[in-house]
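Structural features, examined
Spelled out from the first residue to the last, the chains are:
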Amino acid sequence: MNARVLASPTVYNASVPDADALVRLHLSESPYGASPAAVAAATEALSRIHRYPAPQRDALVTALARHWDVGEDQIAVANGSDELVLATALSLGERDLPGLVTAGTFPGYRAALDRTGRGSTALPLDGAGLDAAAFASGLSAHGIGYVCNPHNPTGGALGPPAFATLVEGAATSGTPLVVDEAYQEFAAGLPQTRDFLDGGAPLMALRTFSKAYGLAALRIGYAVGRADLIAEVRRTLTVLPFSVNRVGQAAALAALADQDFLDSVRAAGDRRRRWFCAELDRRGLRHLPSVTNFVAVRVSDASVAQDELARVHGILVRDTGIFGFPGHLRVSLGDEAELRRFLDAITA
Ligand SMILES: Cc1ncc(COP(=O)(O)O)c(C=O)c1O
């Protein structure tokens, strides 16, 4: 790797306070910003920041219920989907049984299950993906299941038969299944939890405004699910009545109304992913197929590569080893100049 990018040879990592000065390809953020309507709504809400936010998050709940064509009692809004991971672990299913998760995935599920004293079983991945049949049959011995789909950090997603198998497993076992769909906006056309909700299985999707909607800093996530499960989660969320701030609520409402902006983000993201994967191929760099706003790039020692990219080149990426899926760097689809810097650095 060359050492031409940084003027100062400071040692950087993902948690340094001046991470904003670096090339941020480590958190699957959007390079497209947020809808101008959302920014305007957030700006306007700043004039009211001396007032507490609406604890019931009513306007956003109503808008999301309309958007998904579900009852308002099927929506819960929270401070990012992170908060919902914890709230579901605190609220759903048989508490004396451990939760079922997959190995090699977003670590929040296990962290929440451990912290709430439930514990967890991690089902090994089948290659880079979920073994849906094994997960479905494992649900009956567990109090709750968490699936990350599309999958972080590999970037793949379940097809219709595998998704239906999971839903069937939840329906027959009665074990609540939480599907983290943080990246679902990028995977149009692939199955999502909403498609199965009317069948009555104990399902809940976790969604976020942090990724495709570009509102990561404002911390808005929501759950769409079976009404009795949502009621339990809401009961937990009332412990923190003001956790969803006023600026975030206003911005998310406006962002949801601007689906044209979302479509433009999706289209630009698809083009960027195709370009980036073609560049990787052209340079002989192996990678996993992705339907998301990140790509897992194969490297021989991801921990060393992550550190060197940060320290020498000022580029932040994620070693997937920290998810229990070693051997790759998860690279967010940032803007083209940022990705060129990554490509040049990794092949230098
Ligand atoms: C799979 C997954 N779930 C949840 C989150 C957290 O999202 P939020 O910003 O809504 O808390 C992330 C963030 O990167 C994620 O990758």
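Residues numbered from 1 in each chain as written. Predicted model: local features only at pLDDT ≥ 70, side-chain atom pairs only at ≥ 80, totals over all residues. Heavy atoms only, no water.

An unreviewed UniProt entry lists the chain under the name histidinol-phosphate transaminase, with Mangrovihabitans endophyticus as the source organism. What UniProt states about the chain under its Pathway (unreviewed entry) heading is, verbatim, "Amino-acid biosynthesis; L-histidine biosynthesis; L-histidine from 5-phospho-alpha-D-ribose 1-diphosphate: step 7/9." As its UniProt record puts it under Sequence similarities (unreviewed entry), the chain is described as follows: "Belongs to the class-II pyridoxal-phosphate-dependent aminotransferase family. Histidinol-phosphate aminotransferase subfamily." (UniProt positions renumbered as here; feature names shortened; annotations may be inferred.)

For the rest of this paragraph, the subject is the overall build of the chain. For the chain, the helix and strand inventory stands at 11 helices and 12 strands. Relative to its length of 348 residues, the chain is compact, with a C-alpha radius of gyration of 20 Å against a globular reference of 20 Å. Once the C-alpha set of the chain is aligned to its principal axes, its extents read approximately 55 × 50 × 35 Å. Burial analysis of the chain (348 residues in total) assigns 53% to the buried set. Contacts in the chain between residues far apart in sequence, at least 24 positions, make up 75% of those at least 6 positions apart. (Helix = DSSP H or I, 4+ residues; strand = E, 2+ residues; numbered from the N terminus. Rg over C-alpha atoms; globule rule 2.2 N^0.38 Å. Buried < 20%, exposed > 50% of the residue type's maximum accessible area, 1.4 Å probe, protein only. Contact = heavy atoms within 4.5 Å.)

When you line up the elements, A112 lands in helix α4 (residues 108-115). For the pair A112 and L333, spaced 221 residues apart in the sequence, the C-alpha separation amounts to 28 Å. Not counting residues within four places of it along the chain, the set of residues in contact with A112 comprises V85, L86 and A89.

Attention shifts here to the site of the ligand. As a structural note, the neighbourhood of the ligand is formed by 14 residues, with S81, D180, T208, S210 and R219 the closest of them. At 2.8 Å, a side-chain N or O of N152 approaches an oxygen atom of the ligand. In the environment of the ligand, an oxygen atom lies 2.7 Å from a nitrogen or oxygen atom belonging to the side chain of S210. Calculation on the ligand without its partners gives an accessible area of 400 Å², and the protein chains cover 92% of this total. Examining the composition of the shell around the ligand, we find that three residues originate from one element, helix α3 (residues 80-91), more than from any other. (Near = heavy atom within 4 Å. Polar contact = N/O pair within 3.5 Å; in protein donor to acceptor, adjacent residues only side chain to side chain. Areas by Shrake-Rupley, 256 points an atom, 1.4 Å probe, with all protein chains shown as cover.)

We now examine the sheet that holds strand β11 (residues 318-319). In spatial order, the strands read β9-β12-β11; together these three strands make up an open sheet with antiparallel pairing. Unpaired on one side and paired on the other, β9 (294-298) and β11 mark the two borders of the sheet. As defined by bridge partners, β9 adjoins strand β12 (residues 328-332) across five bridges and the pair is classed as antiparallel. When the sheet's bridge partners are listed, V297 is paired in β12 with L329. Contacts from helix α9 (residues 259-282) reach β9 and β12 within the one sheet, and its direction differs from that of β9 by about 10°. Running over the sheet, helix α10 (residues 302-313) touches β11 and β12 and is turned about 40° from β12. (Pairing = 2+ DSSP bridges. Axes fitted to C-alpha atoms, helices over the stretch in contact; angles between N-to-C directions.)

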